[in-house]
Amino acid sequence: MLGTFVDDLADVAEKLLSCDLDDVAPRALLRSMRELEVARRRIDAGTDRLVDRCESTTAYFEDGHKSAKALVKHLGRLSGAEAVARTQTVRALTTLPAVAEAYRAGRIPTGCIRAIARTAANPRVRPFLGVADPVFAEMASELGHDAFCDWLKRWEALADADGAGEVADREHERRSARIQRSDIDGSWHVESDHGDIQGAVMAQVFEAFVQAELDADIAWAKAEHGPDFAMDQLPRTPRQRRADALFAIFRRAMAQPFDAKDPEPLVSIVIDDESLAIEADRAAGESVAADPERIDTAICSTDSGVRLHPSSALAALVVGHVRRVVIDASSNVIDVGRRRRCFTGSSREAAQIQALLRDLGGAGCLWSGCDTWYRRLQVDHRRAYHRGGPTDVGNSDLQCGVHNRLKEHGFRPVFDADGSWIIVRPDGSSITPAA
């Protein structure tokens, strides 16, 4: 019986590969892609079910394998990490029936299932899994991969508060850096490891310098080839621009005296008031109780969406080279770090904070799936100004240049009844929803 099913599946795959796609209308193509994505998830769930059966019956012994992990690594020619992920999944699903049901129905992407399995493998969060099961199923069925994984990490940090704090402290203690020259070809290799707050600041500075190098290349290409230049006509590769950006940071540092005044805040850390108070108690030596139910109100991240441990925000109170933005349970700003009196004087900064609170995966383009760097996003009216949209923070949002211009061609964001934003085509129909 199982062999017949596998043969039928092979026949379906062959038909799909030989299907004539030339005459398929764009919208029909998009609908089919969505439906196939759901079917692929269900096939993954079925494959994991076979792994579960092989593990529970020790069928892997039939070919002399030592474990189910070794079996799937051999049969699928998989990496060790993927083999571990599959065996972790089958073990996690036995304790997460709601997640397992949604997975079998194709509502949860396989990547989100693997992330849930990794979290469930943490022994310190197991007491909370029974309550979390339906919540995991709901969130993984609704959020995109990046947003869900960020949500899941925050949940794990709340369920394992002491463990998350220990990891953050250990990462900072193990910070290191070196610049070493190769004995083989004389090239130089730069390597460093940092804790979350140093890493967040350095990443933001590095991204800004990389963008400056890209802007310089684009200006050169426009001058040489005109405004319609192709990206492959840029004088440097992305790798070369990143290398030059790092060198520019060192060069800029040498142009300043070593006792120069620190610049204005490079990073804003957004944190809720309860998390800040709890972290202050932890720093004072008090035991921190795990409370994953705070997941809807707890937040600690940079304005670009990089998740941080609350100890980083506590350090910002003292260090001062980042700006803290403390919010209450209703996402109202109740305190801004001392390096600036108030961030609301800048509409761009206010819109970035608003976009971050809209989607805790990071301040990104309102268009789902767009991964434009948030520093390149444009602040504009969510409801167009010429259609009566007011010029205030409540009607502002971040979009990339392409999607911002699409609003002038009939595409527009619409607030759905369930509290989410959907994108509507010029004819009034919604764009193809996520699977």
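### A closer look at the environment of Cys 54
As for its position among the elements, Cys 54 is in helix α2 (residues 26-56). Taking the C-alpha atoms as reference points, Cys 54 and Leu 71, separated by 17 residues in sequence, lie 8.8 Å from one another.

### Structural notes on the pairing of strand β1 (residues 176-181)
Judged from the six bridges that link them, β1 and strand β2 (residues 188-193) form a sheet pairing that is antiparallel. Looking at the pairing, Ala 177 lines up with Ser 192 of β2. Taking the residues between adjacent antiparallel strands as the criterion, β1 and β2 are bridged by six residues, where Gly 186 takes a positive phi near 80 degrees.

### Section: unusual backbone geometry
Positive phi outside glycine occurs at Thr 58, with the angle close to 55 degrees. Residue position: Thr 58 is located in the loop between α2 and α3 (68-76). Judged by its relative accessible area of 33%, Thr 58 is partly exposed.

### Digging into a negative patch on the surface
The grouping of Asp 7, Asp 8, Asp 11 and Glu 14 at the surface amounts to a negative patch. Mapped onto the fold, Asp 8 is located in helix α1 (residues 2-18).

### Quick notes on the side chain of Arg 241
Looking at the element boundaries, Arg 241 is found in helix α11 (residues 238-254). Looking at Arg 241, the relative accessible area reads 8%, which means it is buried. The residues touching Arg 241, leaving out its near neighbours within four places in the chain, are Glu 213, Leu 214, Asp 217, Leu 234 and Arg 236.

### Digging into the pattern of salt bridges
A complete count under the given rule lists 17 salt bridges for this structure. Between Asp 427 and Arg 27 there is a salt bridge whose closest N-O contact spans 2.8 Å. One end of the pair, Asp 427, is in the segment after β10 (421-424); the other, Arg 27, is in helix α2, with 400 residues separating them in the sequence. For Arg 27, a relative accessible area of 36% gives the class partly exposed.

### Section: the packing of α2 against helix α4 (residues 80-93)
Relative orientation of the contacting elements α2 and α4 amounts to 80 degrees, with a least axis distance of 9 Å. Taken together, the axes of α2 and α4 lie roughly perpendicular to each other. Here Thr 47, Asp 48, Val 51, Asp 52 and Glu 55 of α2 lie close against α4, whose contacting residues are Arg 86, Thr 87, Thr 89, Val 90 and Arg 91. The class makeup of the residues in the contact of α2 with α4 is two nonpolar, three polar and five charged.

### Looking at the environment of Gln 204
Along the polypeptide, Gln 204 turns up in helix α10 (residues 196-225). When its relative accessible area of 8% is taken as the criterion, Gln 204 is described as buried. C-alpha of Gln 204 to C-alpha of Val 267: the two residues are 63 residues apart in sequence and 7.4 Å apart in space.

### Regarding the nonpolar core
Of all hydrophobic cores here, the largest spans 31 residues; its most connected members are Val 99, Ile 116, Phe 136, Phe 148, Trp 151 and Trp 155. Broken down by element, this core gets its largest block of residues, seven residues, from helix α8 (residues 145-159). By size, the runner-up hydrophobic cluster in this structure holds eight residues, among which are Ile 197, Ala 200, Ile 271 and Cys 300.

### Things to note about the confidence of the model for the protein
On average, residues of the protein carry a pLDDT of 81, and 81% of them reach 70 or more. When mean pLDDT is taken per element in the protein, helix α5 (residues 97-104) scores highest with 96 and strand β6 (residues 333-336) scores lowest with 57. Predicted confidence is poor over residues 338-346, with pLDDT under 50, and the contacts of this stretch with residues over four places away or in other chains come to 22 contacts.

Procedures and definitions
- Residues numbered from 1 in each chain as written.
- Predicted model: local features only at pLDDT ≥ 70, side-chain atom pairs only at ≥ 80, totals over all residues.
- Heavy atoms only, no water.
- Helix = DSSP H or I, 4+ residues; strand = E, 2+ residues; numbered from the N terminus.
- Pairing = 2+ DSSP bridges.
- Buried < 20%, exposed > 50% of the residue type's maximum accessible area, 1.4 Å probe, protein only.
- Patch = residues over 30% accessible without salt bridge, like charges linked within 9 Å, V, L, I, M, F, W, Y side chains within 5 Å.
- Areas by Shrake-Rupley, 256 points an atom, 1.4 Å probe, with all protein chains shown as cover.
- Salt bridge = Lys/Arg side-chain N within 4 Å of Asp/Glu carboxyl O.
- Lys, Arg positive; Asp, Glu negative; His and termini not counted.
- Charge placed at Lys NZ, Arg CZ, Asp CG, Glu CD.
- Contact = heavy atoms within 4.5 Å.
- Axes fitted to C-alpha atoms, helices over the stretch in contact; angles between N-to-C directions.
- Parallel < 35°, antiparallel > 145°, perpendicular 65-115°, else oblique.
- Nonpolar A, V, L, I, M, F, W, Y, C, P; charged D, E, K, R; others polar.
- Core = buried A, V, L, I, M, F, W, Y, C linked by side-chain atoms within 4.5 Å.
- pLDDT = per-residue confidence, 0-100.

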